[in-house]
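Below, each chain spelled out in residue letters.
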Amino acid sequence: MNSIVEAANLPLARAADLHAIVRIGEDIRGVMGTARAVNLAAMNAMLASRRSGEAAVGFRVAALELRGMAAGLTEAMAGLSRLVFGLVRDVALRMHKQRTHDYFQRVENTDPKTVAYLDPLIARQEQEMGQLAFHLGQLRRELDQVARHALRLCDMGLSLSRSARVEAAYGGESAPVLKQVAAHQTEAIESVAATLRGLRLELAGERAGART
Amino acid sequence: MKRLETLYSEGRHQWLVIARDPDRPNVLIDTNEYLVVHGNEALLTDPGGLEIFPVVFAALAAGFDPRQVRWLFASHQDPDVISSLSLWLEFNPALRCYASQIWDSFLPHFGGDEHTFIGLPDAGAKIPLGGIELEAVPAHYLHSSGNLHLYDAKAKILFSGDVGAALLPVEESALFVTDFDRHIRHADGFHRRFMGSREAVLNWCERAAAMPIDLLCPQHGAIYQGADVMRFINWFSELEVGSGLRATRPELKQAA
Ligand SMILES: [Fe+2]
Ligand SMILES: [Fe+2]
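Read on for an overview of the structure. Because the structure is a prediction, the values reported are computed rather than measured.

1. Some thoughts on the overall build of chain B
Helix and strand counts for chain B come out as eight helices and 13 strands. Against the compact-globule benchmark of 18 Å for 256 residues, chain B has a radius of gyration of 17 Å, which places it among compact chains. Structurally, chain B occupies a C-alpha span of about 55 × 40 × 40 Å along its principal axes. In chain B, which comprises 256 residues, the share counted as buried stands at 56%. The long-range share in chain B, meaning contacts at least 24 apart out of those at least 6 apart in sequence, stands at 63%. Accessible surface computed for chain B: about 10900 Å², of which carbon and sulfur atoms make up 51%. Distance from the positive charge centre (21 side chains) to the negative charge centre (33 side chains) of chain B: 3 Å.

Following this line, the structure appears as structure tokens:
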């Protein structure tokens, strides 16, 4: 019977999938925290630049856009969180269905009567698992799309924080403080981007794992 | 491998047992599942745990149309009794399960929904089966606080759940008790530890003694027949139960 599952190329649900998804969820929580910090730091930078008056107008503009970027990033992360919630639920459901299916596979079915009782049931279970696997594939693709979108936001954020750094030099008295703020922003966005890239890799691995 | 064996057969009325599984994984206690059949309807008692479902189902289906099983009867809420529920429902979503009503919101953790369970009152109830009636008999606190046995007046058979259960070594795993004194040694420790109250024991013994019983069928171990039924009731009525309590209070142990 196992060969039927393999022939139909149904991905087998494994606890490893659930662990991978949980890791992805944790990554997202981490990124959300950083995105909030970027948002807050950008606001503080704007306030600081206001104190420096006209000299820091360029920095202020960059910081304002950074704030917008951080808000977009937070929103994207909230979307990812929702998707991961659905993914965790469906992967767990799939594990449960797989387990139920396994028990019925273990019924000794050399007896033709037993085969007749169980074959339609097992076929139905496999069909349900196939549907669920398809749905999971869609969820994963959506997740990847949102992660890609978030990465684009990060790229934008990085060039913004670089120009904020350049503008900080014209900040008169507050130039050192503004420069430090801009550097901190760059660092934070870089770490977010690294996490998102890792998340996409994890997602690809998890997808590949689900196919084996 | 489990086998389906006939215990009683009279016209359209039958008791079958799915018993003995020497191949079972060692950590699992061996269980007996009884199938009560009348006409085209069947009820399965204490269908067993999740892990033994494949062998129970295979043994049943090899000798009986499993689609005719309309009801499950869970003597109590233990995992070895009813944790396979979700798998039985997977096979037949219309199956209904009798159990003490105090487990109404606990048993759904094993599966089923608001249509699955028929909660039995503490006083017991009649259970219709294919035109006749079986009787759910109260056996609370033996060992579970919501515990019922199943009596069939027509066949004179009492399914007694964990009461009468024995943890038999493989070499003594015959279907029926043949040497009561030898057998009861394997039931002694279990009853002392699992049964909590003398009051509950006496209540049950009085009730059982008043019922004509040819076969006393426990969920574990061998079946008592004929004079061994009354021997068991007498033995149980004198047993010092609740040994777990004494283990926590050495002064009680000395007194006993
Ligand atoms: Fe029990
Ligand atoms: Fe039991």
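2. Comments concerning the coordination of the iron ion (ligand 2)
Residue and element names in this part refer to chain B. Listed as protein donors to the iron ion (ligand 2) are Asp80 (OD), Asp162 (OD), Gln219 (OE1) and His220 (NE2); their distances from the metal cover 2.2 to 2.3 Å. Each of the four donor atoms bound to the iron ion (ligand 2) contributes to angles spanning 81 to 169°, and the resulting shape is irregular. Within one chain, the residues serving as donors to the iron ion (ligand 2) are arranged as D-x81-D-x56-Q-H. Between the iron ion (ligand 2) and the iron ion (ligand 1) the interatomic distance amounts to 3.4 Å, and Asp162 serves as a bridging ligand to the pair. Here Asp80 is found in helix α2 (residues 79–82), whereas its partner Asp162 is found in the loop between β11 (157–159) and α4 (180–194), with 82 residues between them in sequence. Given the relative accessible area of 16%, Asp80 is considered buried.

3. Some details on the pattern of salt bridges
The tally for this structure, following the rule as stated, stands at 19 salt bridges over all chains. Between Glu33(B) and Lys2(B) there is a salt bridge whose closest N-O contact spans 3.0 Å. In this pair, Glu33(B) sits in strand β3 (residues 33–38) while Lys2(B) sits in the segment before β1 (3–10), placing the two residues 31 residues apart along the sequence. With respect to burial, Glu33(B) and Lys2(B) carry one shared label: buried. Of the charged contacts in the structure, one is a salt bridge between Asp65(B) and Arg67(B), with a shortest N-O distance of 3.1 Å. When salt bridges with common partners are traced through the structure, they connect Lys97(A), Arg124(A), Glu128(A) and Glu90(B) into a single cluster.

4. Here we look at the coordination of the iron ion (ligand 1)
Residues and elements named next belong to chain B. Coordination of the iron ion (ligand 1) by the protein is provided by His76 (NE2), Asp78 (OD), His143 (NE2) and Asp162 (OD), with metal-donor distances spanning 2.0 to 2.2 Å. Each of the four donor atoms bound to the iron ion (ligand 1) contributes to angles spanning 86 to 171°, and the resulting shape is irregular. When the donors of the iron ion (ligand 1) are listed by position in the chain, the intervening gaps give H-x1-D-x64-H-x18-D. Look at Asp162 and you get buried, because its relative accessible area is 3%.

5. What about the sheet that holds β3(B)?
Within a beta sheet, neighbouring strands are joined by backbone hydrogen bonds and run either parallel or antiparallel to one another. Residue and element names in this part refer to chain B. The mixed open sheet is built from seven strands, whose spatial order is β1-β2-β3-β4-β5-β6-β7. Strands with a single pairing partner mark the edges of an open sheet, and in this sheet they are β1 and β7 (117–120). Each strand axis lies, on average, 20° off the axis of its neighbour in the sheet, ignoring direction. Both strand β6 (residues 96–100) and β7 contribute to a ladder of four bridges, which runs parallel. Of the residues in β7, the one forming a bridge with Tyr98 is Ile118. Across the sheet, helix α1 (residues 53–63) touches β1, β2 (13–19), β3 and β5 (69–73), and the angle it forms with β1 is around 50°.

Thresholds applied
- Counting restarts for each chain, with residues numbered from 1 along the sequence as it is written.
- The order in which chains are written sets their letters, starting at A; the order in which ligands are written sets their numbers, starting at 1.
- Owing to the predicted nature of the model, reporting of local features is limited to residues with pLDDT of at least 70; listing and counting of side-chain atom pairs is limited to 80 or more, with chain, interface and lining totals taken over all residues.
- The side-chain figures draw on all heavy atoms in the structure; neither hydrogens nor water molecules are used.
- A run of H or I in DSSP counts as a helix once it spans at least four residues, and a run of E counts as a strand once it spans at least two, with each numbered from the N terminus.
- Throughout, radius of gyration means the C-alpha value; the globule benchmark is 2.2 Å times the number of residues raised to the power 0.38.
- Working definition: with a 1.4 Å probe on protein chains only, accessible area under 20% of the residue-type maximum means buried, over 50% means exposed, and in between means partly exposed.
- The contact criterion used is simple: two residues touch if any of their non-hydrogen atoms lie within 4.5 Å.
- Residue exposure ignores everything except the shown protein chains as possible cover, and the areas themselves are Shrake-Rupley values with a 1.4 Å probe.
- A positive count includes Lys and Arg, and a negative count includes Asp and Glu. His and the chain ends are not counted in either.
- For this purpose, a charge sits on NZ of Lys, CZ of Arg, CG of Asp or CD of Glu.
- Think of the donor list as every N, O and S atom within 2.8 Å of the metal, or within 3.2 Å for Na, K and Ca; water never makes the list, so a site can look incomplete.
- Geometry assignment treats four donors as tetrahedral when all angles are between 85 and 135 degrees, treats four as square planar and six as octahedral when opposite donors are over 155 degrees apart and all others between 65 and 115, and treats everything else as irregular.
- Here a salt bridge means any side-chain nitrogen of Lys or Arg lying within 4 Å of a carboxyl oxygen belonging to Asp or Glu.
- Pairing between two strands requires that DSSP report at least two bridges joining them.
- Every angle, taken between N-to-C directions, lies between 0 and 180 degrees, and every axis is a line fitted to C-alpha atoms, over only the stretch in contact when it is a helix.

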